[in-house]
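Fold and geometry: a report
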Amino acid sequence: MGKKDRRTPQPAFVTLRDLPGTRVMFWVVGECPYCGERHLHPAGNLRTADPGERLGEVPAPCDPGRLYDLQLPPRPQRKKGKEARKKERRQGKAGSGWDLDE
Ligand SMILES: [Zn+2]
């Protein structure tokens, strides 16, 4: 409730989205620590930008006098990576002429 609370940027967890049909990326704050709403922050062009550079302290759109700290949420572990790799390998083999698996 003191002054310190006002000054300390609150963490805001973001997910990266791209705008369909464009190469523009956005960091989406799912729930603003101040107003609870969703906020978008441009993260640059898919090809040229490093969206990670846009993370960190930025002014909250709902209250430009305050900062919040854009952070990636902790990632749950996924097994999907292995599956995708297997699939990729299978597709890569398909043209070899040795694949009689069909
Ligand atoms: Zn807000």
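Residues numbered from 1 in each chain as written. Predicted model: local features only at pLDDT ≥ 70, side-chain atom pairs only at ≥ 80, totals over all residues.

Turning to the overall build of the protein, a few remarks are in order. Summing up its helical and strand segments, the protein has two helices and five strands in all. Starting at the N terminus and ending at the C terminus, the protein contains elements arranged as α-β-β-β-β-β-α. Each of the 102 residues in the protein was classed as buried or not, and the buried ones make up 10%. When contacts within the protein are restricted to residue pairs at least 6 apart in sequence, long-range pairs at least 24 apart make up 38% of them. (Helix = DSSP H or I, 4+ residues; strand = E, 2+ residues; numbered from the N terminus. Buried ≥ 20, exposed ≤ 12 C-beta atoms within 10 Å, placed from the backbone. Contact = placed C-beta atoms within 7 Å.)

Moving on, we get to the environment of T15. By secondary structure assignment, the location of T15 is in strand 1 (residues 10–18). Excluding anything up to four places from it in sequence, T15 contacts V28 and G30.

Attention now goes to the nonpolar core. Counting eight residues, the largest nonpolar core consists of A12, V14, W27, V29, A43, A60, Y68 and L70. Going through the elements one at a time, strand 1, strand 2 (24–29) and strand 5 (63–71) are the ones with two or more residues in this core. The residues touching W27, leaving out its near neighbours within four places in the chain, are V14, L16, H41, A43, P51, R54 and L70. (Core = buried A, V, L, I, M, F, W, Y, C linked by C-beta atoms within 7 Å.)

Pairing is mixed across the open sheet formed by five strands, whose spatial order is 3-2-1-5-4. Single-partner strands in this sheet number two, and they are strand 3 (39–45) and strand 4 (56–60). Direction aside, the axes of adjacent strands within the sheet are offset by 40 degrees on average. Pairing geometry for strand 4 and strand 5, over five bridges, is antiparallel. If you follow V58 over to strand 5, its bridge partner there is Y68. (Pairing = 2+ DSSP bridges. Axes fitted to C-alpha atoms, helices over the stretch in contact; angles between N-to-C directions.)

Pairing analysis gives four bridges linking strand 1 to strand 5, with the strands arranged parallel. Each bridged residue has a counterpart across the sheet, and for Q10 the counterpart in strand 5 is Y68. Adjacent in sequence and paired antiparallel, strand 4 and strand 5 are bridged by two residues.

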